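# Breakdown of the fold
These are the residues of each chain, in order.
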Amino acid sequence: MSAREADNLLVLGIETSCDETAAAVVRGEGVGGGGGCTVLSSIIASQHDLHAEYRGVVPEIASRAHAERITPIVSEAIRAAGVSLRDIDAVAVGNRPGLIGSLLVGVSAAKALAWSLGKPLIGVDHVQAHLIAGLLSASPSARLTTRHAPLAASLGLVVSGGHTALYLVDERFRLSRLGGTIDDAIGEAFDKVATILGLPFPGGPMVDRLAQRGHDRRFDFPVSRAGGPFDFSFSGLKTSVLYAVRGVPGARDAKPLTLDDQTVADVCASFQRAAVTAIVRRLDAAADAHPHCRRVLTGGGVTANSRLRTDLAAWGARRGLDLLLPPMDYCLDNAAMIAALGHFELEARNWTSDPLTMSASPSSHAP
Ligand code: KG4
Ligand code: ZN
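Report follows, based on the coordinates. (Residues numbered from 1 in each chain as written. Chains lettered and ligands numbered in written order. Predicted model: local features only at pLDDT ≥ 70, side-chain atom pairs only at ≥ 80, totals over all residues. Heavy atoms only, no water.)

### Let's talk about the overall build of the protein chain
So the rule is basically this: In this text, helices come from DSSP runs of H or I with a minimum length of four residues, and strands from runs of E with a minimum of two, each type numbered from the N-terminal end. We compute the radius of gyration from the C-alpha atoms alone; for a globule the expected value is 2.2 Å times N to the 0.38, where N is the number of residues. Categorising residues by exposure relies on relative accessible area from a 1.4 Å probe, with only protein chains included: less than 20% of the type maximum marks a residue as buried, more than 50% marks it as exposed, and the intermediate range marks it as partly exposed. The contact definition used throughout considers only heavy atoms, calling two residues in contact when any of these lie within 4.5 Å. Per-residue and other accessible areas follow the Shrake-Rupley method at a 1.4 Å probe size, with only the shown protein chains counted as cover for residues. Counting rule applied: Lys, Arg positive; Asp, Glu negative; His and chain ends not counted. One atom stands in for each charge, and that atom is NZ of Lys, CZ of Arg, CG of Asp or CD of Glu.
Summing up its helical and strand segments, the protein chain has ten helices and twelve strands in all. For the protein chain, whose C-alpha radius of gyration is 21 Å, the value lies close to the compact-globule estimate of 21 Å for 367 residues. Once the C-alpha set of the protein chain is aligned to its principal axes, its extents read approximately 70 × 45 × 35 Å. Every one of the 367 residues in the protein chain was classed for burial, and the buried ones make up 55%. A separation of at least 24 residues holds for 74% of the contacts in the protein chain among residues at least 6 apart in sequence. Of the roughly 15,100 Å² of accessible surface on the protein chain, 53% is carried by carbon and sulfur atoms. For the protein chain, the distance from the average position of its 35 positive side-chain charges to the average position of its 37 negative side-chain charges is 3 Å.

Given below as structure tokens:
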């Protein structure tokens, strides 16, 4: 099939890599070389309520919930797009990286649909999909279209609950990893700090909200320099928050903080300053090392963070770089980004299907 014929083809996307069961439909617009598409529907069923009492995602509970929800969520995405299953031209699924039991639910559903419809199947990388979300922009109809096509060499920053990494992204949207966290992901650090403060799981959004009325210099939490020039580390920062809140173990004057509302807000703001500063500094080093990259793609749940958005935008403007943040609806795990990447990759390979023997992988194939 030629790229021209590929205009207006519909791709169904499925996402089940962690604790969101999601499905979406996008329509290809054949923007030359850029893989433009419009999101027609994006349905997300979060499992946060199921994992809240454990303050973390329990893999077995997650895969069981995906199995129960995947069929109704796909049906809802098809209905909301105003199309019928028979109109779907290809099925894309996030098949790596993630929780293996969760991924397998989405992969099995995608295979069954592709086989029964007789349409191409494509497995895509969840981390790469987070970066394509930075290419989606809100249109007046509240649907989304890709912008800035064709693609250009870029830096890529993924900040989420499971991943924190910097990439070089080439003109064909292939990633090579520059560095990443050597311990916790940044979203995981937000969630753990929230737990230390007694806030509900997942705590990232609440830490963000409370930080808005806190003093970000009340606690002098460290900005990590551990690892290589493009690496991140958040476990030392997390421990500093723990000791500030509970007192340093064994210290003679160790005494826990009184967690009144202002103190909690101040801890949130001070932690957030240190975490966000670490991200901006490493990104700045990557931009120094790769001056040919005039664009920075970003994605992942923590790109919803208000301070990160403000600080990244200011940094991009200061350096004269085209910094692309995903619209708020597409920061966290969603299937629109999976369908958009599936559409882009299918166009690039002339709509050739992956084999039905395709499997899932807990790790990314990106080097
Ligand atoms: O991308 P995502 O949905 O899942 C992964 O691929 O990991 O990211 C989820 C993470 C969670 O750790 C959540 O607390 C964090 O993103 N998060 C935030 C905010 N919204 C979500 N962290 C900080 N500020 C936010 N506003
Ligand atoms: Zn994700």
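Now that the structure has been shown, the text picks up again.
### Quick look at the pattern of salt bridges
The test is simple: By definition, a salt bridge exists where a carboxyl oxygen of Asp or Glu is found within 4 Å of a side-chain nitrogen of Lys or Arg.
Evaluated as defined, the whole model comprises 13 salt bridges. A salt bridge links Asp266 to Arg218; its shortest N-O distance comes to 2.8 Å. In this pair, Asp266 is assigned in helix α8 (residues 261-289) and Arg218 in the loop between α6 (204-211) and α7 (235-246), connecting sequence segments 48 residues apart. The salt bridge involving Arg307 is made with Asp311; its shortest N-O contact spans 3.1 Å. With Arg307 and Asp311 both in helix α9 (residues 306-319), this residue pair falls four residues apart, about one helical turn. Salt bridges sharing common partners tie together Asp184, Glu188, Lys192 and Lys238.

### Description of the site of ligand 1
We count it as follows: Here, proximity means that at least one heavy atom of the residue falls within 4 Å of the molecule or strand. Identification of polar contacts relies on pairs of N or O atoms within 3.5 Å, with a donor-acceptor requirement for protein atoms, meaning one able to donate a hydrogen and the other able to accept it, and with residues adjacent in sequence counted only if both atoms are side-chain atoms. Asp, Glu, Lys and Arg are counted as charged, while Ala, Val, Leu, Ile, Met, Phe, Trp, Tyr, Cys and Pro are counted as nonpolar; the rest, among them Gly, fall into the polar class.
Around ligand 1, the structure places 18 residues, and the nearest of them are Gly161, Gly162, Asp191, Asp208 and Gly301. A distance of 3.2 Å separates an oxygen atom of ligand 1 from a polar backbone atom of Gly187. When the free accessible area of ligand 1 is taken as 560 Å², the share hidden by the protein chains comes to 92%. Put simply, the parts of the chain that give the shell around ligand 1 at least two residues each are α4 (126-132), α5 (186-196) and α6. Residue composition of the shell around ligand 1, by class: five nonpolar, ten polar and three charged.

### Brief notes about the coordination of the zinc ion (ligand 2)
What counts is decided by this rule: The donor set comprises N, O and S atoms within 2.8 Å of the metal, extended to 3.2 Å for Na, K and Ca; water molecules are omitted, so apparent gaps in a site may simply reflect that omission. Just to be clear on the cut-offs, tetrahedral is four donors with all angles between 85 and 135 degrees, square planar is four donors and octahedral six with opposite donors over 155 degrees apart and all others between 65 and 115, and anything else goes down as irregular.
His126 (NE2), His130 (NE2) and Asp333 (OD) make up the full set of protein donors to the zinc ion (ligand 2), lying at 2.0 to 2.1 Å. The site at the zinc ion (ligand 2) holds four donor atoms, and with the angles between them running 95 to 137°, its shape is irregular.

### Describing unusual backbone geometry
Arg96 connects to Pro97 through a cis peptide bond whose omega is -25°. Considering the arrangement of structural elements, one finds Pro97 in the loop between β4 (90-96) and α3 (100-117). Between Phe201 and Pro202 the backbone carries a cis peptide bond, its omega angle lying at -10°. Inspection of the secondary structure assignment puts Pro202 in the loop between α5 and α6.

### Observations regarding the packing of α5 against α8
Formally: Orientation is described by lines fitted to C-alpha atoms, with helices fitted over the stretch in contact, and by angles between N-to-C directions that extend from 0 to 180 degrees. Throughout, the term roughly parallel applies to angles under 35 degrees, roughly antiparallel to angles over 145, roughly perpendicular to angles from 65 to 115, and oblique to all others.
Two numbers describe how α5 lies on α8: the axes approach to 11 Å, and their chain directions differ by 175°. Considering the angle they form, α5 stands roughly antiparallel to α8. Contact residues: Ile186, Ala189, Phe190 and Val193 in α5; Phe271, Gln272, Ala275 and Ile279 in α8. Tallied by class, residues from the contact of α5 with α8 come to seven nonpolar, one polar and no charged.

### Some remarks on the sheet that holds strand β11 (residues 295-299)
Where we set the bar: Two strands are said to pair when DSSP picks up at least two bridges between them.
Read from one edge of the open sheet, five strands run β10-β9-β8-β11-β12, paired in mixed fashion. Each edge of the open sheet is held by one strand with a lone partner, namely β10 (175-180) and β12 (322-324). Geometrically, the sheet is characterised by an average inter-axis angle of 20° between neighbouring strands, direction not taken into account. Relative to β10, strand β9 (residues 164-169) is paired through five bridges, and the arrangement is antiparallel.

### Examining α6
Along α6, the residues that are buried comprise Gly204, Val207, Asp208, Leu210 and Ala211. Those residues of α6 that are buried lie in contact with α5, α8 and α9.

### What about the state of the cysteines?
For clarity, the threshold we go by: Cysteine sulfurs are considered disulfide-paired once they come within 2.5 Å of each other.
Following the criterion strictly, the structure yields zero disulfides and no others. Here Cys37 stays unpaired: no disulfide links it, and the sulfur of Cys331, its closest cysteine neighbor, is 17 Å away.

### A few points about the pairing of strand β1 (residues 10-15)
Buried residues dominate β1, accounting for six of its six residues. Because side chains alternate across β1, one face comprises the buried residues Leu10, Leu12 and Ile14, and the other comprises Val11, Gly13 and Glu15, equally buried. Two elements, β1 and strand β2 (residues 20-28), share six bridges in a ladder whose sense is antiparallel. Each residue of the ladder has a partner; that of Glu15, found in β2, is Ala22. Linking β1 to β2, which pair antiparallel, is a turn of four residues. In the sheet, β1 pairs with β4 via four bridges, with the strands oriented parallel. Paired with Val11 across the two strands is Ala90, which belongs to β4.

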